[in-house]
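Listed here are the chains, written in short residue letters.
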Amino acid sequence: MNNSKMSVQNLSLFYKDFQALNEVCLEVLEKHVTALIGPSGCGKSTFLRTLNRMNDLIEGVRVEGKVEMDRVDIYGPDIDVVGLRKKVGMVFQKPNPFPMSVYDNVAYGPRIHGVKNKKKLDEIVEKSLRGSALWDEVQERLYKSALGLSGGQQQRLCIARLLAVEPEVVLMDEPTSALDPVSTLKIEELIRDLKDKYTIIIVTHNMQQAARVSDTTAFFLNGDLVESGDTDVIFTMPKDKRTEDYITGRFG
């Protein structure tokens, strides 16, 4: 497909002897939001972490198959994994700001990648905080500890920290599960805004959230990708009975 950003082909993943993913095939479209749904323990988060090789950090993990980004195999021998994770960033379930100021949180990545100029860092910090819809709330407290922010603000700060290194793909692992409804709504609005610039893949247990924010939905069950397609179609006319049962709350 022409507007495919990532192409996953026959992807299997093993934790030692346990097979967590079974020959998953999925096209992730550029500047779209793809939601991964399914019951707990079905392989959604494991799949998400294969897309920036976070699973490499777990002992005994083996990956088979192919994951391509812009037609380059990210598991190829010449891949710079640090560079890959700059392009494919991740937002975790619980906000994890560093114990430093709001400013230093956002400037952290650019500094690591060699940006030293204060004016340039100022620009990146403001642009990233605006990009995560947080600037108006924190511009007066840039040099105060990020740990003093609310949970929802901390999660948007983590998104700003990610945007500061200019990723192409943003992975989100249940980014609102620890947040209240108002903060959840802000993150959802932000996801809709960000897809103009970024390819976003989100794991969610919240069916309404998947329906609200995503263009494409992929349903996982027991390590299998049961089906994927336009979110409207998956939610109204799924092909597989198991998808229908899950979406209508008959199991999971």
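Throughout what follows, the structure given in this document is the object of discussion. Predicted, not measured: the structure shown is a model, and the values here were computed from it.

## Looking at the overall build of the protein chain
Scanning the protein chain from N- to C-terminus turns up ten helices and ten strands. For 252 residues, the compact-globule formula gives about 18 Å, and the C-alpha radius of gyration of the protein chain, at 18 Å, lands near that figure. By its C-alpha atoms, the protein chain is 55 × 45 × 35 Å across when sized along the principal axes. Burial analysis of the protein chain (252 residues in total) assigns 50% to the buried set. Across the protein chain, contacts joining residues at least 24 apart in sequence account for 68% of those joining residues at least 6 apart.

## Thoughts on helix 3 (residues 102–112)
Those residues of helix 3 that fall on the buried side of the exposure criterion are Val102, Tyr103, Asn105, Val106, Ala107, Gly109 and Pro110. Residues of helix 3 that are buried sit in contact with helix 4 (118–131), helix 5 (135–138) and helix 6 (151–163). Looking one or two residues beyond helix 3, the residue adopting positive phi is Gly114, at roughly 100 degrees.

## Digging into the sheet that holds strand 2 (residues 18–29)
Taken in spatial order, the four strands make up an open sheet running 2-1-4-5, and their pairing is antiparallel. Sheet topology places strand 2 and strand 5 (72–73) at the edges, where each strand pairs with a single neighbour. With eight bridges connecting them, strand 1 (residues 4–15) and strand 4 (residues 61–69) associate as antiparallel partners. Within strand 4, the residue paired with Ser7 across the bridge is Glu68.

## What to know about the environment of Ser183
Locating Ser183 in the fold gives a position in helix 7 (residues 181–194). Between the alpha carbons of Ser183 and Glu59 there is a distance of 35 Å; along the sequence they are 124 residues apart.

## Considerations on the pairing of strand 3 (residues 33–37)
Each regular strand carries side chains that alternate between the two faces of the sheet. Where burial is concerned, most of strand 3 is hidden: five out of the five residues are buried. Burial along strand 3 is two-sided: the residues Val33, Ala35 and Ile37 and Thr34 and Leu36 are all buried. Bridge analysis of strand 3 against strand 8 (residues 199–203) gives four bridges, and the strand direction is parallel. The residue bridging Val33 from the neighbouring strand is Ile200, located in strand 8.

## A closer look at the state of the cysteines
A disulfide bridge is the covalent bond that connects two cysteines by way of their sulfur atoms. Taken as a whole and judged by the stated rule, the model has zero disulfides. No disulfide involves Cys25; its sulfur sits 17 Å from the nearest other cysteine sulfur, which is in Cys42. Among the residues examined, Cys25 registers a relative accessible area of 42% and is labelled partly exposed.

## Regarding the pairing of strand 7 (residues 169–173)
Taken across its five residues, strand 7 has five buried, putting it largely inside the fold. Side-chain alternation along strand 7 places Val169, Leu171 and Asp173 on one buried face and Val170 and Met172 on a second face that is also buried. Taken together, the four bridges between strand 6 (residues 88–91) and strand 7 define a ladder with parallel strand orientation. The partner of Met90 across the bridge, within strand 7, is Leu171. Here strand 7 pairs with strand 8 via five bridges, running parallel. Residue pairing in the sheet places Leu171 in a bridge with Ile201 of strand 8. Traced from strand 7 through helix 7 to strand 8, the parallel crossover comes out right-handed.

Quick notes on the rules
Residues numbered from 1 in each chain as written. Predicted model: local features only at pLDDT ≥ 70, side-chain atom pairs only at ≥ 80, totals over all residues. Heavy atoms only, no water. Helix = DSSP H or I, 4+ residues; strand = E, 2+ residues; numbered from the N terminus. Rg over C-alpha atoms; globule rule 2.2 N^0.38 Å. Buried < 20%, exposed > 50% of the residue type's maximum accessible area, 1.4 Å probe, protein only. Contact = heavy atoms within 4.5 Å. Pairing = 2+ DSSP bridges. Disulfide = S-S within 2.5 Å. Right-handed = clockwise from strand over helix to strand, strands pointing away.

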